[in-house]
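# Survey of secondary and tertiary structure
Next come the chains, spelled out residue by residue.
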Amino acid sequence: SQTIHQWPATLVQPVGSPLSLECTVEGTSNPNLYWYRQAAGRGLQLLFYSVGIGQISSEVPQNLSASRPQDRQFILSSKKLLLSDSGFYLCAWSPPGDRGHLFGPGTRLTVT
Amino acid sequence: SQQGEEDPQALSIQEGENATMNCSYKTSINNLQWYRQNSGRGLVHLILIRSNEREKHSGRLRVTLDTSKKSSSLLITASRAADTASYFCATDRPGNTPLVFGKGTRLSVIA
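Residues numbered from 1 in each chain as written. Chains lettered and ligands numbered in written order. Predicted model: local features only at pLDDT ≥ 70, side-chain atom pairs only at ≥ 80, totals over all residues. Heavy atoms only, no water.

## Looking at the overall build of chain A
Using the following cut-off: Strands are runs of DSSP state E lasting at least two residues, helices are runs of H or I lasting at least four, and both sets are numbered from the N terminus onward. C-alpha atoms define the radius of gyration, and 2.2 Å times the number of residues to the power 0.38 defines the globule rule. We call two residues in contact when some of their heavy atoms are within 4.5 Å. All accessible areas in this document rest on Shrake-Rupley with a 1.4 Å probe, and a residue is counted as covered only by the protein chains that are shown. Think of it this way: Lys and Arg go in the positive column, Asp and Glu in the negative one, and His and the chain ends go nowhere. All charge positions are set by atom: Lys at NZ, Arg at CZ, Asp at CG, Glu at CD.
Each helix and strand counted, chain A has zero helices and eleven strands in total. When its helices and strands are written in sequence order, chain A yields β-β-β-β-β-β-β-β-β-β-β. Taking 2.2 N^0.38 as the reference for a compact globule, 112 residues should give roughly 13 Å; the C-alpha atoms of chain A span a radius of gyration of 13 Å, in line with that estimate. The dimensions of chain A, computed from C-alpha atoms along their principal axes, are 40 × 30 × 20 Å. Residue pairs at least 24 apart in sequence account for 54% of intrachain contacts in chain A once pairs closer than 6 positions are excluded. Per element, the accessible surface of chain A, about 5200 Å² overall, is 54% carbon and sulfur. On chain A, the mean spot of the 8 positive side-chain charges and the mean spot of the 6 negative ones are 8 Å from each other.

## Describing the state of the cysteines
All names here are of chain A. The test is simple: Cysteine sulfurs are considered disulfide-paired once they come within 2.5 Å of each other.
As enumerated under the stated definition, the model contains two disulfides over all chains in all. Note that C23 is cross-linked by a disulfide to C91, the S-S spacing being 1.9 Å. Judged by the sign of its S-S torsion, about -75°, the bond between C23 and C91 is left-handed. Here the residue C23 occupies a position in strand β3 (residues 19-26), and C91 occupies one in strand β9 (residues 87-94), the gap between them amounting to 68 residues.

## Structural notes on the packing of aromatic side chains
Note the threshold: Two rings from Phe, Tyr or Trp (for Trp, the six-membered ring) form a pair when their centres sit within 6.5 Å of each other. Planes less than 30 degrees apart are called stacked, planes more than 60 degrees apart edge-to-face, and all others tilted. To sort residues, take the accessible area from a 1.4 Å probe on protein chains only and compare it with the maximum for the residue type: under 20% means buried, over 50% means exposed, and anything in between is partly exposed.
One pass over the full model with this rule turns up eight aromatic pairs over all chains. The interplanar angle of 75° and the centroid separation of 5.9 Å between the aromatic rings of F103(A) and F101(B) together place this pair among those described as edge-to-face. Placement of F103(A) in strand β10 (residues 102-103) and of F101(B) in strand β10 (residues 100-101) is noted, with the two residues assigned to different chains. Here the two residues F103(A) and F101(B) agree in accessibility, since each one is buried. Taken together, Y34(A), Y36(A), Y49(A), F103(A), Y35(B) and F101(B) form an aromatic cluster joined through their ring pairs.

## What about the sheet that holds strand β3 (residues 19-24) of chain B?
Residues and elements named next belong to chain B. The criterion, for reference: The criterion for strand pairing is that DSSP finds at least two bridges linking the strands in question. Axis lines are fitted through C-alpha atoms, for helices just across the contact stretch, and the angle between N-to-C directions can take any value from 0 to 180 degrees.
With antiparallel pairing, five strands are arranged side by side in an open sheet as β1-β3-β8-β7-β6. Where the open sheet ends on each side, the last strands, each with one partner, are β1 (5-7) and β6 (55-58). Taking the axes of each pair of neighbouring strands and ignoring which way they run, one obtains an average angle of 20° across the sheet. Examined bridge by bridge, β6 and strand β7 (residues 61-66) share four bridges and lie antiparallel to one another. Within the sheet, the bridge partner assigned to S58 lies in β7 and is L61.

## Section: the interface of chain A and chain B
Where interface size is given, it is often the accessible area lost as the parts come together that is meant. Keep this limit in mind: Defined in terms of a 1.4 Å probe, buried area is the accessible area two parts forfeit on being brought together, summed over both. A pair is scored as a salt bridge if a Lys or Arg side-chain nitrogen falls within 4 Å of a carboxyl oxygen belonging to Asp or Glu. For the purposes of these results, a polar contact is taken to be a pair of N or O atoms within 3.5 Å, where, inside protein, one atom must be able to donate a hydrogen and its partner to accept one; residues adjacent in sequence count only when each atom of the pair is a side-chain atom. Each residue is assigned to one class: nonpolar for Ala, Val, Leu, Ile, Met, Phe, Trp, Tyr, Cys and Pro, charged for Asp, Glu, Lys and Arg, and polar for all the others, Gly among them.
Contact with chain A, which involves 20 residues of that partner, is made by 19 residues of chain B. Regarding the contact of chain A and chain B, the summed buried area is about 1400 Å², with carbon and sulfur atoms giving 54% of it. For chain A, the biggest contributors to the area lost against chain B are L44(A), D98(A) and F103(A); these three give 33% of the whole. The tally of links from chain A across to chain B stands at zero salt bridges. In this assembly, chain A and chain B are joined by two residue pairs in polar contact (both at pLDDT 80 or more). Counting residues per element, the side of chain A that touches chain B draws most heavily on strand β4 (residues 32-38) of chain A, at four residues. Residue classes in the side of chain A that touches chain B are distributed as nine nonpolar, seven polar and four charged.

## Quick notes on the confidence of the model for chain B
To keep it simple, the criterion reads: How sure the predictor is of each residue is captured by pLDDT, a score from 0 to 100.
In the predicted model, chain B carries a mean pLDDT of 93, and 96% of its residues have values of at least 70. Of all secondary-structure elements in chain B, the lowest mean pLDDT belongs to β1(B), at 82, while β7(B) reaches the highest, 98.

Here's what the structure looks like:
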């Protein structure tokens, strides 16, 4: 079966610390992968998407970066977190057909 | 930029009533999708309607699409307390571009 995993579920990090969030997909190959951020009570902001290994498109300039070292792995990183990086981070992939995006459970990041 | 804009931002109804949420968008689309998000969770895909379709049903959900007005509506009939969640529309535009999500409607169904 096709599943998507994200970890950690919650994270509290001080300002200036690094960040690494991981997303993996099972049961498919060469998926389109996406990172979104959702501020409290707000909609989704697309951060990065990838159509293949090593191929990353950035939608919003910021101090975050993304990498896709393997076909089914998508990593969101930062060298130095800002307070404004707090939010709910969601990974998603788009299976073929009319199923839309399948989302992971999300990571709640609080930068203190 | 945000493509979809949901209306209203928040909606509170009694159990058993129908809930209607609207979505407007600005550019051409391949399809429009509706998602649901329970508090603190990931989004769940509900239904997809293609640009050449006008209405689609799935259980208690009814979605309409008016491409001339660039708008869509999601109707939940006979609402239940468990329908309490945020609902988002997302547009799939031509050119293999990512989905663009609206800001959502927060639905509260009171038992």
